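A closer look at the structure
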Amino acid sequence: MNKTINITTLITIHIALWLGLIFTAIHAHAEGMSWEQLSPQQQETLAPVKDKWNTLPAERQERLSKGAERWANMSPEQREQTKEKLNRFKNLSPEEKSLVKERMREFRKLPPEERKALRQRWKNMDPEQKAKFKERIKNMSPEERKAFRQKMRERKLKRMKE
């Protein structure tokens with residue numbers, strides 16, 4: 001069952017990274033770093049938001065610059081995988097998108113060591129296990145997902161007390 005949380009969490013992490021890069025360009029208001037403070041690689045990655053850069057909140061500029069830096073350090077395969085995940089996200093229903101965003105918020109609240117453990121579990125799963133997990137989660141109703149998350153939290157608390 002923890003594998004279920006791990007897979008969902010990892011998918012959410014990848015999607016959230018790209019959501020941040022794409023959707024933050026929509027928001028306006030800011031100070032923060034100037035465009036010229038970005039590295040040439042960051043500027044290339046963030047070129048679609050160049051005209052809006054100075055209107056973005058400082059916090060969003062920071063997240064975008066870090067995301068662009070991560071992008072620059074990805075292998076071509078990692079970039080392709082991330083693009084595919086973003087395209088899948090774009091094709092989700094508004095309800096599914098909302099659920100993914102909520103999962104990401106929950107994941108960010110976890111302690112760093114727990115997030116690391118979840119990522120490692122996901123990496124250790126073979127493709128068949130990952131596919132089964134995704135299918136299982138996909139077929140759950142929102143109520144089932146909520147109950148599942150609650151059950152996982154309770155198990156975690158029980159383990160912590162032992």
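The structure this text deals with has already been given above.
Below you will find a few notes about this structure. Predicted model, so just to flag it, every value in this text is computed and none were measured.

The rules behind each value
- Residues numbered from 1 in each chain as written.
- Predicted model: local features only at pLDDT ≥ 70, side-chain atom pairs only at ≥ 80, totals over all residues.
- Heavy atoms only, no water.
- Axes fitted to C-alpha atoms, helices over the stretch in contact; angles between N-to-C directions.
- Helix = DSSP H or I, 4+ residues; strand = E, 2+ residues; numbered from the N terminus.
- Parallel < 35°, antiparallel > 145°, perpendicular 65-115°, else oblique.
- Contact = heavy atoms within 4.5 Å.
- Nonpolar A, V, L, I, M, F, W, Y, C, P; charged D, E, K, R; others polar.
- Expected span 1.5 Å × (residues − 1).
- Buried < 20%, exposed > 50% of the residue type's maximum accessible area, 1.4 Å probe, protein only.
- Arc of directions from axis to C-beta.

Some words on the packing of helix α5 (residues 94-109) against helix α8 (residues 142-161)
Running from amino to carboxyl end, α5 crosses α8 at an angle of 10°, the nearest separation of the two axes being 13 Å. Judged by the angle between their axes, α5 and α8 are roughly parallel. Judged by residue contacts, Leu99, Arg103 and Glu106 of α5 engage Arg145, Arg149 and Arg153 from α8. Residue classes in the contact of α5 with α8 are distributed as 1 nonpolar, no polar and 5 charged.

Comments concerning α5
End to end, α5 covers 23 Å across 16 residues, agreeing with the expected 22 Å (1.5 Å per residue, within 8%). Turning to α5, its buried residues number three or more, namely Leu99, Val100, Arg103, Met104 and Phe107. Taken around the axis of α5, the buried residues stretch over an arc of 140°, which confines them to a single face. For α5, the exposed residues set more than 90 degrees away from the buried face come down to Pro94, Glu95 and Lys109.

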